[in-house]
Amino acid sequence: MFKKSLHQIDQKSHFKLYKRFPVTLERGSGSRVWDVDGKEYIDTFAGIAVNSLGHSHPKIVAAIQDQASKLIHISNFFTSGPQVKLSEKLTRLTGLDRSFFTNSGVEAIEGAFKLARKYGHSNGKSGNIISMEECFHGRTIGAIAAGKKKYQEGFEPMPEGYQQVPFNDSKALAGAMDETTIAVVIEPVQGEGGIRVAGKAFLKEARRLCDKFNALLIFDEIQCGMGRTGTLFAYEAYGVKPDVLTLAKALGSGVPIGAVLATEKAASVLDYGNHGTTFGGNPLATRAALTTLEVMEEENLVQRSAELGEWLMKELKKIAKDEESITDVRGKGLMIGVELAFPGAGVMESMLKKGIIINVASGNVIRLVPPFIISKVELTAVVLALKEAIQEEKRKRKK
């Protein structure tokens, strides 16, 4: 009886920040979760692209249990085996030189922005960090200053030093940059912006312009990194290497952790005490991240993300051919957006009733970011249910 009333208790005691569904989830396994009433759901949202290995992966569970029995937290005045090993592994995999660990994606972004500001000042610059329209970098004051206007409302005045240009517009970016520009920040695939994929020519031009004006190129791969788009890091598919890379979400398989990776040239401007964190990079979080990378390698999950994503995209485009309510299907790997001709909230609610968890980004884009271990059988069920839910919503709107 108590479990069934958890949603009502939450509505009274928690800040009114999340428009939650009246569902209380209790456990998960693989690509499925169950609520307190025992109803089963296929999860294609994966905790906002976090649970790429699925729920309760046995190797992740074992690693967390083992590490918790040894050392959970020690502060960054000491080194720990898991943190050092993760730092070495990520710098080796990315080809970048130094790492810094945080508790979340937005903290990684704040770290990247602080690094950019210090780099600018060290080079006699006091200009802007340029971001892209429709971007999303988190919800701190600094992050929303670089993001959409709607997230800034009621939180003014915004910090100065930020500027936006249209996504994928090389001409606009070139027109906005000069010798004072300190950094350009880009999501290679925009998540909250509606699964919008950067063009290769655009990212190459961003790299060229940053080199020309001695500005840092920051890639925010908090959502699109860690194998999500079919390569371990999204930028690998473009042949464009950033100066600074931010990671989070899937990095720890649900254990809170973010990371900032940077070249020596960028990182060298920071000195002792310029930045720090209490919990960031503690032994538990870094052990979870290390194990996540190990499992992805052992189970060849990056390739699986690419192959499953290609298959799923084809299946979705098949239904789009006969459904005028679908205006576009786009994405990379297992990060796919289905754009609708109307708001997607009703479709999301209908899918939940059918036992499938999806999400809507930018109001009318169905965002599919399932675990990499999901099966084609499960994805087929998702595609068929989605087609049915869209048709149901279309009929409702015609009444």
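Residues numbered from 1 in each chain as written. Predicted model: local features only at pLDDT ≥ 70, side-chain atom pairs only at ≥ 80, totals over all residues. Heavy atoms only, no water.

## A few points about the sheet that holds strand β15 (residues 356-357)
Okay, so step 1: Sheet architecture is open: four strands sit in the order β1-β2-β3-β15, paired in mixed fashion. The open sheet has two edge strands with one neighbour each: β1 (25-29) and β15.
Okay, so step 2: Here four bridges tie β1 to strand β2 (residues 32-35), and the two strands are oriented antiparallel to one another. Bridged to Arg 27 within β2 is Trp 34. (Pairing = 2+ DSSP bridges. Helix = DSSP H or I, 4+ residues; strand = E, 2+ residues; numbered from the N terminus.)

## Things to note about a nonpolar patch on the surface
Okay, so step 1: Taken together, the side chains of Phe 15, Leu 17 and Tyr 18 make up a nonpolar region of the molecular surface, amounting to roughly 430 Å² of accessible area.
Okay, so step 2: Looking at where Leu 17 falls in the secondary structure, it is placed in the loop between α1 (6-13) and β1. (Patch = residues over 30% accessible without salt bridge, like charges linked within 9 Å, V, L, I, M, F, W, Y side chains within 5 Å. Areas by Shrake-Rupley, 256 points an atom, 1.4 Å probe, with all protein chains shown as cover. Salt bridge = Lys/Arg side-chain N within 4 Å of Asp/Glu carboxyl O.)

## Focus: empty space enclosed by the protein
Okay, so step 1: Under the definition given, this model contains two cavities of 30 Å³ or more.
Okay, so step 2: Lining the largest cavity are 13 residues; nearest its centre among them are Ser 75, Asn 76, Gln 83, Gly 281 and Asn 282.
Okay, so step 3: Of the residues in the lining of the largest cavity, the class split is four nonpolar, nine polar and no charged.
Okay, so step 4: Of the pockets and cavities examined, the second largest cavity occupies roughly 40 Å³. (1 Å grid on protein atoms, 1.4 Å probe; cavity = no way out; pocket = protein on both sides within 12 Å on 5 of 7 lines; lining within 4 Å. Points joined across faces, edges and corners; volume = space filled by probe spheres on them. Nonpolar A, V, L, I, M, F, W, Y, C, P; charged D, E, K, R; others polar.)

## Quick look at the environment of Leu 293
Okay, so step 1: Following the sequence through the fold, Leu 293 ends up in helix α10 (residues 283-298).
Okay, so step 2: Using a relative accessible area of 2% as the deciding quantity, one classes Leu 293 as buried.
Okay, so step 3: For the pair formed by Leu 293 and Tyr 41, sequence separation is 252 residues and the distance between their alpha carbons is 26 Å.
Okay, so step 4: With residues up to four places along the chain from it excluded, the contact list for Leu 293 reads Leu 86, Lys 89, Leu 90, Leu 93, Met 226 and Leu 232. (Buried < 20%, exposed > 50% of the residue type's maximum accessible area, 1.4 Å probe, protein only. Contact = heavy atoms within 4.5 Å.)

## Focus: the side chain of Asp 35
Okay, so step 1: Following the sequence through the fold, Asp 35 ends up in strand β2.
Okay, so step 2: The buried charged residue Asp 35 lacks any salt bridge partner; its closest oppositely charged side chain belongs to Lys 39, at an N-O distance of 6.3 Å.
Okay, so step 3: At 2.9 Å, the side chain of Asp 35 forms a polar contact with the backbone nitrogen of Asp 37. (Lys, Arg positive; Asp, Glu negative; His and termini not counted. Polar contact = N/O pair within 3.5 Å; in protein donor to acceptor, adjacent residues only side chain to side chain.)

## What to know about the packing of helix α11 (residues 301-321) against helix α13 (residues 376-398)
Okay, so step 1: Contact geometry for α11 and α13: axes closest at 10 Å, N-to-C directions at 25 degrees. In terms of orientation, α11 and α13 fall into the roughly parallel class. Here α11 runs over α13; the crossing is right-handed. Contacts from Leu 308, Trp 311, Leu 312, Glu 315, Leu 316 and Ile 319 of α11 reach α13 at Lys 376, Leu 379, Thr 380, Val 383, Leu 386 and Lys 387.
Okay, so step 2: Class assignment of the residues belonging to the contact of α11 with α13 gives a composition of eight nonpolar, one polar and three charged. (Axes fitted to C-alpha atoms, helices over the stretch in contact; angles between N-to-C directions. Parallel < 35°, antiparallel > 145°, perpendicular 65-115°, else oblique. Left-handed = near helix turned anticlockwise from the far one by under 90°.)

## Thoughts on the state of the cysteines
Okay, so step 1: Within the structure shown, the criterion is met by zero disulfides.
Okay, so step 2: Free of any disulfide, Cys 135 has its nearest cysteine sulfur in Cys 224, 13 Å distant.
Okay, so step 3: With relative accessibility at 2%, the residue Cys 135 sits in the buried group.
Okay, so step 4: For the unlinked cysteine Cys 210, the closest cysteine sulfur is that of Cys 135, found at 15 Å. (Disulfide = S-S within 2.5 Å.)

## Here's the deal with a positive patch on the surface
Okay, so step 1: A grouping of Lys 353, Arg 395, Lys 396 and Lys 399 is seen on the molecular surface, where their side chains present a positively charged patch.
Okay, so step 2: Examined against the element boundaries, Lys 396 turns out to sit in helix α13. (Charge placed at Lys NZ, Arg CZ, Asp CG, Glu CD.)

## Some thoughts on the pattern of salt bridges
Okay, so step 1: Applying the stated criterion across every chain, the model contains 24 salt bridges.
Okay, so step 2: With its nearest N and O atoms 3.1 Å apart, the salt bridge here joins Glu 315 to Lys 318. Note that Glu 315 and Lys 318 are positioned in helix α11 at a spacing of three residues, about one turn of the helix.
Okay, so step 3: By relative accessible area, Lys 318 is classed as partly exposed at 49%.
Okay, so step 4: If you follow the salt bridges from partner to partner, you end up with Arg 196, Asp 328, Arg 330 and Glu 339 in one network.

## Considering the sheet that holds strand β7 (residues 183-186)
Okay, so step 1: The sheet built from seven strands is open, its strands ordered β4-β12-β11-β10-β7-β5-β6 with mixed pairing. Since the sheet does not close on itself, it has two edges, and those belong to β4 (98-102) and β6 (162-165), each with one partner. Averaged over neighbouring strand pairs, the angle between their axes works out to 20 degrees when direction is ignored.
Okay, so step 2: Sheet analysis places β4 next to strand β12 (residues 258-262), joined by five bridges and oriented antiparallel. The residue bridging Phe 100 from the neighbouring strand is Val 260, located in β12.
Okay, so step 3: Packed on one face of the sheet, helix α5 (residues 105-122) meets β4, β5 (129-132), β6, β7, β10 (216-220), β11 (244-247) and β12 and runs near 175 degrees to β10.
Okay, so step 4: The sheet contacts of helix α8 (residues 200-213) involve β5, β7 and β10, and relative to β10 the element is tilted by about 145 degrees.

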